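Structure at a glance
What follows is each chain in one-letter form.
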Amino acid sequence: MCGIIGYTGKKEVSKILVKGLSRLEYRGYDSAGIAVLAKEKIRIRKKKGKLSVLRDDLKRVPIEGHVGIGHTRWATHGVPNDVNAHPHADGEHSVAVVHNGIIENYREIKENLKKKGYDFLSDTDSEVFAHLISDNYNGDLCEAVKTSIKEIKGSYAIAAMHKNEPDRIIGARMDSPLVVGVGEDETFLASDIPAILDYTKDVIYIENGDIVDLSGNVCSIYDSDGQKVERDMVKIKWDISQAEKGGYKHFMLKEIFEQPKVLHDIFKERIIGDSVAFEELVIDEGVLKGIKNIAIIACGTAYHAGLTGKYILEKHTRIPVWVDTSSEFRYRDPLVGENTLVVVVSQSGETADTLAALREAKSRGSKVLAICNVLGSSIAREADGVIYTHAGPEIAVASTKAYTAQLAILYLFAYYLAEVRGDSQEHDKNFLKELKKLPASAEKILRQYHTDENILEKYAGEFHEYYLARNNKSCFLYLARNVNYPNALEGALKLKEISYVSAEGYPAGEMKHGPIALIDENPWVVCIAVEADTYEKMLSNIQEIKARGGLVIAITTEGDTEIKGIDVNYNIRVPRVPEMFSPILVIVPLQLLAYFIAAEFGYDIDQPRNLAKSVTVE
Ligand code: M6R
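Residues numbered from 1 in each chain as written. Predicted model: local features only at pLDDT ≥ 70, side-chain atom pairs only at ≥ 80, totals over all residues. Heavy atoms only, no water.

Scanning the protein chain from N- to C-terminus turns up 18 helices and 27 strands. Relative to the compact-globule value of 25 Å for 618 residues, the protein chain shows a C-alpha radius of gyration of 25 Å, a close match. By principal-axis analysis of the C-alpha atoms, the protein chain measures approximately 80 × 60 × 40 Å. A separation threshold of at least 6 residues defines the contact pool for the protein chain, and within that pool the share at least 24 residues apart is 71%. One way to put it: in the protein chain the 75 positive side-chain charges average out to a point 2 Å from where the 89 negative ones average out. (Helix = DSSP H or I, 4+ residues; strand = E, 2+ residues; numbered from the N terminus. Rg over C-alpha atoms; globule rule 2.2 N^0.38 Å. Contact = heavy atoms within 4.5 Å. Lys, Arg positive; Asp, Glu negative; His and termini not counted. Charge placed at Lys NZ, Arg CZ, Asp CG, Glu CD.)

Dropping the structure here:
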């Protein structure tokens, strides 16, 4: 995790660094710092807390200069405090470094350096980089970095400067993202594109093992063998306004409301007549025809999308599908090989466990398809084929639009695969038609919650009061069946991530095998009871909860009259769609419910405690 940035050019650097860091705060936000090089001196300012603390400090006492590096931290080694914050420097402040990643052999390196007389100030692994580069420095920073990274085991994206080299920043990467931005008379380094999009749209993705040498507007790149290489420059199509709040109070709310458009764009781009086209998917049709099973691997919300993908793919392709969390898959000697198509799902494309799972699958002979949001991310580049979700930048830590975009792609992929294999079912005729209706239905759901009579805000307010009245002791249970079961998990995850209220998702049929013991007047039970083959069974579950004094929020289909006969406490309605397509709609009010509850508590919704958007460490 952590976000890094570097700039060399003619502009005042502190402002550029702080602005860039504000766009990287989603990667970590427990402390932040910058280092500026001017007049052969490196000056460092770093502060515990959100970026605003550093920003205020710099307003009081500015640091001037035209070359600098910056960092926003998500602590791995050492508690968040001023000393552990980056940048780190060697004892003489000759070298300053920012680092994203984990140095696995830092203890060993630290001991060696200590024996040589280097004093360490922090508890971080990253500080060794500063001393190591200093130790290897013989008048050329690029050479010192090249030598230093040979000694490092682990993951890193770094930016380093030396006081004797006034216009120069050296970057390097291994398993942590790094991009170069090329402007007029200026160059940038950053963990992610939004950090530099105010200044340039010309971007170069740095490969694993590469070293980047930036001097003014000149960018030279060397591969892991030290050979000078050319990497393609890419023009970024999206705008910085897409990475801003656009009038919404939080990114999360903005991203929830963007979902109809994201879905609309996905279907418009991918559905051509009666067919589905993925122009970037390079896995050969022959391979897709030959696969015997599919493994979907992902983490967190993307894992929940994968679980839904199992229902969709099995129904439409009749190929057996299993789903695993990346961290389990990678360590359990998984049974995959040439006959398995491994589908990895990741918004960021940088999740360490998912990347490792992808490599594991490839090493066992499987073809890997990535469903990714971030263009040019490590997962997208290492997979054999990729389908981009094109949902635009997702900034809020709690994933929303990326989830529905992943679902949309999984529907389309199921259709595509069935077509390629020539086993499309009769009911497929309406498949694409139904998909194309979803954006308007999602829009219809959202419209109701843009008014003063927002029932979800009301429910959230009532829950908040209820919670406080019970000395902060209440929780949520989410129950569903079949294709909506993963939504029960996702609804619960959204709530716990941003409101810190304990929440669990369960298949409703499992209720009698344990969770029913929780039911008294305490947990609020969200029951997804939309029109479905198992609808009557969901109604029975609701009756069982009510009979035990439980409090039920039912998600039902518009026009459902049966639910009126049961005295549910709250009712949320979604438009009528065939059961298979309902997950994309059902999740929308669940995301909003989580949002409004967190808002009632007054929490920092976009940056919940202990979390980071991109989990680049395992
Ligand atoms: O970038 P990825 O999709 O690989 O991230 C996976 C999870 O870290 C992510 O979905 C996480 O669970 C979100 N915070 C959920 O809202």
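After that view of the structure, there is still more to cover.
Further remarks concern the sheet that holds strand β22 (residues 385-388). Strand pairing in a sheet relies on backbone hydrogen bonds, with the paired strands running either antiparallel or parallel. In spatial order, the strands read β19-β18-β20-β21-β22; together these five strands make up an open sheet with parallel pairing. The sheet is open, and its two edges are formed by β19 (321-325) and β22, each paired on a single side. Across this sheet, the average inter-strand angle for adjacent strands is 20 degrees, counted without regard to direction. Examined bridge by bridge, strand β21 (residues 367-372) and β22 share four bridges and lie parallel to one another. Paired with A370 across the strands is V386, a residue of β22. On top of the sheet, helix α13 (residues 401-420) reaches β18 (293-298), β20 (340-346), β21 and β22; it is set at about 140 degrees to β21, its chief contact. (Pairing = 2+ DSSP bridges. Axes fitted to C-alpha atoms, helices over the stretch in contact; angles between N-to-C directions.)

Membership of the largest hydrophobic core comes to 132 residues, with the highest contact counts inside it found for I294, F413, F476 and L592. Filtering out sequence-adjacent residues up to four positions away, F413 remains in contact with F278, L281, L313, L341, L369 and I387. Membership of the second largest hydrophobic core comes to 27 residues, among which are I109, I133, C142 and V145. (Core = buried A, V, L, I, M, F, W, Y, C linked by side-chain atoms within 4.5 Å. Buried < 20%, exposed > 50% of the residue type's maximum accessible area, 1.4 Å probe, protein only.)

Across the sheet, which stays open at both edges, the seven strands sit in the order β5-β6-β7-β8-β12-β13-β14 with antiparallel pairing between neighbours. Both edges of this open sheet fall to β5 (88-89) and β14 (228-229), since each of them pairs with a single strand only. Relative to strand β12 (residues 211-215), strand β8 (residues 168-174) runs antiparallel, the two being bridged by five bridges. Paired with G171 across the two strands is V212, which belongs to β12. Each of β7 (154-162), β8, β12 and β13 (218-222) touches helix α5 (residues 141-151); the most contacted strand, β8, lies at about 20 degrees to it.

As a further point, take unusual backbone geometry. Excluding glycine, residues mostly carry a negative phi; peptide bonds, for their part, are mostly trans. For the bond running from H86 to P87, omega is -5 degrees, close enough to zero to count as cis. By the secondary structure assignment, P87 is in the loop between β4 (67-73) and β5. For H93, which is not glycine, the phi dihedral falls at a positive 55 degrees. Secondary-structure assignment places H93 in the loop between β5 and β6 (95-103). Overall, H93 belongs to the partly exposed group, its relative accessible area being 35%. Phi at N482 takes a positive value of approximately 55 degrees, unusual for a residue other than glycine.

The terminal C-alpha atoms of helix α16 (residues 485-499), which comprises 15 residues, lie 22 Å apart, in line with the 21 Å expected from a rise of 1.5 Å per residue. When you tally the buried positions in α16, you get 13 out of 15 residues, the bulk of the element. In the segment just after α16, Y500 is the residue with positive phi, at about 60 degrees. (Expected span 1.5 Å × (residues − 1).)

Attention shifts here to the packing of aromatic side chains. Given two aromatic rings, their pairing is described by the distance between the two centres and the angle made by the two planes. One pass over the full model with this rule turns up 24 aromatic pairs. Judged by centre distance (6.4 Å) and plane angle (65 degrees), the ring pair of Y411 and F431 falls under edge-to-face. Here the residue Y411 occupies a position in helix α13, and F431 occupies one in helix α14 (residues 431-448), the gap between them amounting to 20 residues. Under the relative-accessibility criterion, Y411 is labelled buried at 0%. Exposure remark for F431: the relative accessible area of 2% places this residue in the buried category. (Phe/Tyr/Trp six-rings, centres within 6.5 Å; stacked < 30°, edge-to-face > 60°.)

Looking now at the site of the ligand. Around the ligand lies a shell of 14 residues, among which S346, Q347, S348, T351 and E497 are the nearest. Within the side chain of E497, one N or O atom sits 2.5 Å away from a nitrogen atom of the ligand. For the ligand, whose free accessible area comes to 410 Å², the fraction covered by protein is 91%. Applying the majority rule of atoms within 2 Å of the grid points places the ligand in the second largest pocket. For the shell around the ligand, the elements supplying multiple residues, two or more each, are α9 (300-317) and α16. Per element, the largest residue contribution to the shell around the ligand is three residues, and it comes from α9. (Near = heavy atom within 4 Å. Polar contact = N/O pair within 3.5 Å; in protein donor to acceptor, adjacent residues only side chain to side chain. Areas by Shrake-Rupley, 256 points an atom, 1.4 Å probe, with all protein chains shown as cover. 1 Å grid on protein atoms, 1.4 Å probe; cavity = no way out; pocket = protein on both sides within 12 Å on 5 of 7 lines; lining within 4 Å. Sits in = over half its atoms within 2 Å of the grid points.)

The next thing to look at is the layout of surface pockets. A volume near 1100 Å³ is recorded for the largest pocket. In terms of lining, the largest pocket is formed by 47 residues, of which the most central are W238, N373, L375, H390 and G392. If you list the elements that add at least two residues to the lining of the largest pocket, you get β15 (233-235), α7 (259-270) and α12 (378-382). At five residues, the largest contribution of residues to the lining of the largest pocket is made by α7. (Points joined across faces, edges and corners; volume = space filled by probe spheres on them.)

A word on the pairing of strand β24 (residues 503-507). In this structure, strand β23 (residues 476-480) lies alongside β24, joined through five bridges in parallel fashion. Across the sheet, residue Y478 finds its bridge partner in β24, namely G505. After leaving β23, the chain enters α16 and then returns to the sheet as β24, a path that is right-handed. (Right-handed = clockwise from strand over helix to strand, strands pointing away.)

Next up on the list: the pairing of β8. Across the seven residues of β8, six count as buried, placing the element largely inside the fold. Pairing between β7 and β8: four bridges, direction antiparallel. Each bridged residue has a counterpart across the sheet, and for A157 the counterpart in β8 is R173.

What follows is about the domain arrangement of the protein chain. Each assigned domain of the protein chain is listed with its residue range as follows: domain 1 (3-242), domain 2 (251-446) and domain 3 (451-601). Just the C-alpha atoms count here: the centres of domain 2 and domain 3 sit 26 Å apart. The interface of domain 2 with domain 3 comprises 33 residues on the first partner and 28 residues on the second. Taken over both partners, the interface formed by domain 2 and domain 3 buries close to 2600 Å², and the fraction arising from carbon and sulfur atoms is 77%. Here domain 2 and domain 3 share one salt bridge between them. K444 serves as the salt-bridge partner of E558, at 2.9 Å between the closest nitrogen and oxygen. Here domain 2 is connected to domain 3 by nine residue pairs in polar contact (both at pLDDT 80 or more). At the level of elements, α6 (251-257), α7, α9, α13 and α14 are the ones that each hand at least two residues to the side of domain 2 that touches domain 3. Residue composition of the side of domain 2 that touches domain 3, by class: 20 nonpolar, 10 polar and three charged. (Domains from an automatic or database assignment. Buried area = accessible area lost by both parts, 1.4 Å probe. Salt bridge = Lys/Arg side-chain N within 4 Å of Asp/Glu carboxyl O. Nonpolar A, V, L, I, M, F, W, Y, C, P; charged D, E, K, R; others polar.)

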